[in-house]
Amino acid sequence: MRDEAGAEPSDADDGPEWHDYFGYETPYENQPDAVEAAIDAGRRNGYLAMEGPCGTGKTMAALTAGATLVREGDYDRVVVVTPVKQQLEQFVADLRTLNAGIDDPLDGIALVGKRDLCPYGREDVFPPDASVHDRCEDLRENTAALVEAEGRGSDAHRAAAADAAVAGDDEGDDQWWDPQRASDLTKGARRDPESFNTLADDTLATAGAESPYRAAQPSAPPEMADGEDPPLYCPFEADWYARNKGSPVDFSAGEANVLTSTEFLPASVEHGTCPHRAMSVLLGEADVVVGNYNHLFDPDSRPLLSGLLDESTFVVVDEAHRLEGRVRDLLSDRLGRHTLVRARNDCQRLVQLARQSDDHEREIADRLAAHEVAIDAVERAAGFYGDVVAWLDGRVTDHLNEEFGDEWQRDPTVLPEEDREIPLRDPEHEERDDLTAWAERNGHTGEVWRSLDTVGLAVEETLDELGEGQPVTTAVGAIARRWYERDHATFLREIELEHALSDERAVGEPWQEAYTAGLLLYDCMPAEALRTVFDELGGGVLMSATLEPLDVFTRVSGLDALEATGTGGLAADDEDPGRPVETRSYGLSFPEENRASWLVDATAYTARNRGDPVPDHGNRVRDEYEQVLRTVARSPGNVLIAMPNYREAAWAGQYLRDVVEKPVLVDESSSAETTDDLKAEFFAGPGKVLVTSTRGTLTEGVDYDGDKLHTCAVVGVPLVNIGSPRVRAVRAAYGRAFGEDNAFEYALTVPAMRRARQAIGRVIRGTDEVGVRLLVGERYTPDAVHSVHEYLSPAERREFVRMTPEFLSQQFDSFWADHA
């Protein structure tokens, strides 16, 4: 039986060049066109934007195109990114299938975060007040200093060596580390009674593998510590240096030459080498690298792929309908109130240390001077952060007083149990934000803002050298500088209040019992950042089951700008035509007779029409939708009903429990564990009704295969709250970039329709599956006021049949009678 990728594994030699790399004997109907379009775009250093629903075989098509381009010498490697863990696993499985059919398999590796790979972090050996990332960086710096070759012991070189260790940089061909010293450190951490450490009885083990080292972190031998207190170090890191930055694991350890953490994590642990370092070595040698969006689009995670993201890389971006939202989140900066207080305290602590004595002041002044920073600048930064915290507190208090009076100050529990936004400028106009304007009026000029990243780095490194806690000033200073320097057309500055009731009385402002506050620098339009990323690469494929309208997608993803731009950012012309961008849209390939697809022509379900979601509503529109809901809910098997938001879902669930005999489950905004439990309950036993929000986590990225889902109805068009300051700012930014006539469509309508289409796409996931898909509300019909019919794919517009609510019941009876 074929899966989504194709048929039985292939060993045929005939056919087009890509056929040798295709993992199955017979491709699906649209796969040959998809593969050839991707290869053609890649060879012209361009991009393919492809919509293909479940059953298109997008994963195998993209991998086949990438494999062909690598093996035929067009590219050095393929980098795949996806925001969904399940899809990452699918790429690994399909790459293994592809490799099984060729003599020279491609070397592949799936990336994992440092937190999941650090043996000490995995086993909770680190102190509870230190993050795995920060603790690892400290140990890497210590280890780098300890393995320096003789004659490389100057402070300047020691600092350079530590920086290189953290960055994974070999400093060219000048090997600064001594493999023998590194080997001595690994021996000192082993279970060897002759070593310089007193060993405990236990050995560090993780991921089912036993390391050669004891569980407790070792400290350096006195002769390596230069008379100082022996620092802790990481023997896994030392072993990496002892191997001259090599990996003890190779691709043959993975099934079909594709490595995941299941293979390289325990293998690295058993050899005593840092698994994260081994992964970084292997990804530099890989033909195919599979990771998540962060590895390509997050500035903090991109360094892992340093040296790989260039014109010799062919990229595959999966679930590309999520691109705007995910990258917007990655590029937005948040500074929590607590973090601002920590930055202020870090600066104050360093100033206090300097004031203890003349010797302390000279020592600290010398350390700061290496960064061209004076103690007065640190004191000025402390004052700045303190003033900002006081301003933030006052602004939140004033806002809540304006909204709710002053009663909340006596009882903060009366404040709404929801997150809130306080915009610091009119979201629809390009103007300076209130915080920046206030700061400049009070002497915190641009010179102060621009100095905070330099001062922050100097403070953090000085405190680190003095062994003073875990400072945060580097990151805070960098965000503060971006706050001041980034434009006001595409970035919205606001205060974000996250609802989180505290069990304790707030020490400071009363609102802190109900909310945690932070400053948010919100990226309204990530198209320019996306264009820059794609321009660095050779070409690629962006794909999803819901990219239509493709002309809108290519504009908001930055691809159109890439196509219109030649070398050096100039307009494309005949001599320098820019980067080609091709599009493809494929329909659902499973048997059409196995599914019913209906547009239910009911009164538009909008906030204006439907009134409040209460049991005794007395609203004609809700009466009409109650009829639709109970008819849909009585459909055989499992039924998913997606309402515009969780509040509407709660209303629908409460109503259905009184009128249908099936069990009715209601989803709400909750933890991942709670959602998983709800899914398991829905899938188990006889048919049930699950009511959720179309904007929730159960309407996309969940595989309702087999008999897990028989009917899905999307009620209303799931637009976000158009009154939200962020939404208004995004709409305004899109208007400036793409024209006012397109602003609402690009910023709101198209993302909402992709949500609706993702939800109905949960029903039919295989050739033999049977089910009903419904889009409920007259706006889905072609001739309605504010119709969204044009945002369906061409195949959906042909297939979906319009009907009024009174015919629903008999249509359900007829369909299921034919599929009994």
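These numbers were taken from a predicted model, which means no experiment stands behind them. (Residues numbered from 1 in each chain as written. Predicted model: local features only at pLDDT ≥ 70, side-chain atom pairs only at ≥ 80, totals over all residues. Heavy atoms only, no water.)

**Q** I tried to follow the sheet that holds strand E12 (residues 515-523) on my own but got confused; where do I start?
**A** Backbone hydrogen bonds hold the strands of a sheet together, and the pairing may be parallel or antiparallel. Read from one edge of the open sheet, 4 strands run E9-E12-E11-E10, paired in antiparallel fashion. Since the sheet does not close on itself, it has two edges, and those belong to strand E9 (333-336) and strand E10 (420-423), each with one partner. Each strand of the sheet is rotated relative to its neighbour by a mean of 25°, with strand direction disregarded. Where strand E11 (residues 491-499) and E12 come together, 9 bridges link them in antiparallel fashion. Within E12, the residue paired with Leu492 across the bridge is Tyr522. (Pairing = 2+ DSSP bridges. Helix = DSSP H or I, 4+ residues; strand = E, 2+ residues; numbered from the N terminus. Axes fitted to C-alpha atoms, helices over the stretch in contact; angles between N-to-C directions.)

**Q** Explanation requested: the sheet that holds strand E16 (residues 639-643) in the structure shown.
**A** In space, the 7 strands of this open sheet follow the order E17-E18-E16-E19-E20-E15-E21, with parallel pairing throughout. The sheet terminates laterally at strand E17 (664-666) and strand E21 (801-803), the two strands that pair on one side only. The mean angle between the axes of side-by-side strands here comes to 20°, regardless of whether they run parallel or antiparallel. Where strand E15 (residues 595-600) and E21 come together, 3 bridges link them in parallel fashion. Bridge pairing in E21 links Val600 to Met803. Contacts between helix H24 (residues 620-633) and the sheet are confined to E15, E16, strand E18 (689-693), strand E19 (711-715) and strand E20 (771-776), with E16 contributing the most and set at about 155° to the helix. (Contact = heavy atoms within 4.5 Å.)

**Q** Quick question: what am I supposed to make of the pairing of E10 here?
**A** The side chains of a regular strand alternate, first on one face of the sheet and then on the other. Every second residue of E10 is oriented toward a common face, the buried set being Arg420 and Ile422 and the non-buried set Glu421 and Pro423. Sheet topology places E10 next to E11; 4 bridges connect them, and they run antiparallel. Bridged to Pro423 within E11 is Glu494. (Buried < 20%, exposed > 50% of the residue type's maximum accessible area, 1.4 Å probe, protein only.)

**Q** Explanation requested: the nonpolar core in the structure shown.
**A** The nonpolar side chains of a soluble globular protein tend to be buried with one another. Within the largest apolar cluster, 54 residues are counted, with the highest numbers of intra-cluster contacts made by Leu340, Val378, Tyr385, Val396, Leu435, Ile495 and Leu519. Looking at this core, the elements with two or more residues in it are helix H14 (337-354), helix H15 (358-369), helix H16 (375-404), helix H17 (434-441), helix H18 (446-465), helix H19 (473-485), E11 and E12. Ranked by residue count, the leading element in this core is H16, at 13 residues. In this structure, Ala642, Val717, Ala752 and Tyr791 belong to the second largest nonpolar core, which totals 47 residues. (Core = buried A, V, L, I, M, F, W, Y, C linked by side-chain atoms within 4.5 Å.)

**Q** Hey, could you run me through the side chain of Arg610 in this one?
**A** Tracing the backbone through its elements, the reader meets Arg610 in helix H23 (residues 607-610). Reaching out from Arg610, the side chain makes a polar contact with the side chain of Glu648 at a distance of 3.0 Å. Not counting residues up to four positions away in its chain, the partners in contact with Arg610 are Tyr605, Asn619, Val621, Arg622, Pro644, Asn645 and Glu648. (Polar contact = N/O pair within 3.5 Å; in protein donor to acceptor, adjacent residues only side chain to side chain.)

**Q** Any chance you could explain the packing of aromatic side chains here in plain terms?
**A** The geometry of an aromatic ring pair is captured by the separation of the ring centres together with the interplanar angle, meaning the angle of the planes. Going through the model one piece at a time under the given rule, you end up with 26 aromatic pairs. Summarising the aromatic geometry, the rings of Phe297 and Phe534 are spaced 6.1 Å apart at their centres and angled 85° between planes, so their arrangement reads as edge-to-face. Here Phe534 lies in helix H20 (residues 527-536) and Phe297 lies in helix H12 (residues 293-297), a separation of 237 residues in the sequence. Grouping residues by exposure puts Phe297 and Phe534 together as buried. Here Trp449 and Tyr484 contribute two aromatic rings whose centre-to-centre distance is 5.7 Å and whose plane-to-plane angle is 25°, an arrangement assigned as stacked. Of this pair, Trp449 sits in helix H18 while Tyr484 sits in helix H19, and the two are 35 residues apart along the sequence. Note on accessibility: Trp449 and Tyr484 belong to one class, buried. Taking the ring centre of Trp240 as reference, the NZ or CZ of Arg277 above it sits at 4.1 Å. (Phe/Tyr/Trp six-rings, centres within 6.5 Å; stacked < 30°, edge-to-face > 60°. Lys NZ or Arg CZ within 6 Å of the ring centre and 35° of its normal.)

**Q** What is the right way to read helix H28 (residues 740-760) from this model?
**A** In an α-helix, one turn spans 3.6 residues; hence positions three or four apart end up facing the same way. The terminal C-alpha atoms of H28, which comprises 21 residues, lie 31 Å apart, in line with the 30 Å expected from a rise of 1.5 Å per residue. Of all 21 residues making up H28, 15 are buried, and the element is well covered by its neighbours. (Expected span 1.5 Å × (residues − 1).)

**Q** What's the story with the pattern of salt bridges in this structure? I'm lost.
**A** As a working rule, side chains carrying opposite charge can pair if their charged atoms are close by. Under the criterion given, the structure shown has 57 salt bridges. Between Asp453 and Arg481 there is a salt bridge, with its nearest N and O atoms 3.4 Å apart. Here the residue Asp453 occupies a position in helix H18, and Arg481 occupies one in helix H19, the gap between them amounting to 28 residues. Its relative accessible area of 26% is what places Arg481 among the partly exposed residues. With its nearest N and O atoms 3.0 Å apart, the salt bridge here joins Arg579 to Asp535. One end of the pair, Arg579, is in the loop between helix H22 (559-563) and strand E14 (581-585); the other, Asp535, is in helix H20, and 44 residues separate them in sequence. (Salt bridge = Lys/Arg side-chain N within 4 Å of Asp/Glu carboxyl O.)

**Q** Even after reading the chapter, I still don't get the confidence of the model for the protein chain, so can you show me in this structure?
**A** As a note on interpretation, predicted positions should not be read in detail where pLDDT is low. For the protein chain, per-residue confidence averages 91 on the pLDDT scale, and residues scoring 70 or more make up 91% of the total. Here residues 1-8 is modelled with pLDDT under 50, and outside its nearest four sequence neighbours on either side it reaches 31 contacts, counting other chains as well. pLDDT under 50 marks residues 165-173. Its contacts with residues more than four places away, or in other chains, come to 22 contacts. (pLDDT = per-residue confidence, 0-100.)

**Q** I tried to follow empty space enclosed by the protein on my own but got confused; where do I start?
**A** Taken as a whole, this structure holds 4 cavities of 30 Å³ or more when the rule is applied. Empty space within the largest cavity amounts to approximately 240 Å³. Contributing to the lining of the largest cavity are 21 residues, with Pro53, Leu588, Gly761, Arg773 and Glu796 lying nearest its centre. Counting residues per element, the ones that place at least two in the lining of the largest cavity are H28 and helix H29 (794-799). Tallied by class, residues from the lining of the largest cavity come to 9 nonpolar, 5 polar and 7 charged. Considered as a void within the structure, the second largest cavity measures approximately 120 Å³ in volume. Together, 15 residues line the second largest cavity, and Cys118, Cys136, Arg140, Cys234 and Cys274 are the ones closest to its centre. (1 Å grid on protein atoms, 1.4 Å probe; cavity = no way out; pocket = protein on both sides within 12 Å on 5 of 7 lines; lining within 4 Å. Points joined across faces, edges and corners; volume = space filled by probe spheres on them. Nonpolar A, V, L, I, M, F, W, Y, C, P; charged D, E, K, R; others polar.)

**Q** Explanation requested: the pairing of strand E1 (residues 47-51) in the structure shown.
**A** The buried fraction of E1 is high, at 5 of 5 residues. Alternating positions in E1 separate into two faces, Tyr47, Ala49 and Glu51 on one and Leu48 and Met50 on the other, with burial throughout. Sheet analysis places E1 next to strand E13 (residues 539-544), joined by 5 bridges and oriented parallel. Bridging from a neighbouring strand, Glu51 pairs with Ser544 of E13. Both E1 and E14 contribute to a ladder of 5 bridges, which runs parallel.

**Q** Whenever I open this one, helix H30 (residues 808-818) confuses me. Can you help?
**A** Taken together, the buried positions of H30 are occupied by Leu808, Phe812, Phe815 and Trp816. Around the axis of H30, the buried residues are gathered within 90° of arc, so they sit on the same side. In this structure, H30 carries Asp813, Ala817 and Asp818 as exposed residues pointing more than 90 degrees from its buried face. (Arc of directions from axis to C-beta.)

**Q** In this structure, what is going on with unusual backbone geometry? I would like to understand it.
**A** Here the amide bond leading from Glu548 into Pro549 is cis, since omega sits at -5°, within 30 degrees of zero. Mapped onto the elements, Pro549 comes out in the loop between E13 and helix H21 (550-556). A positive phi angle, close to 50°, is found at Glu319, a residue other than glycine. Examined against the element boundaries, Glu319 turns out to sit in the loop between strand E8 (313-317) and helix H13 (323-331).

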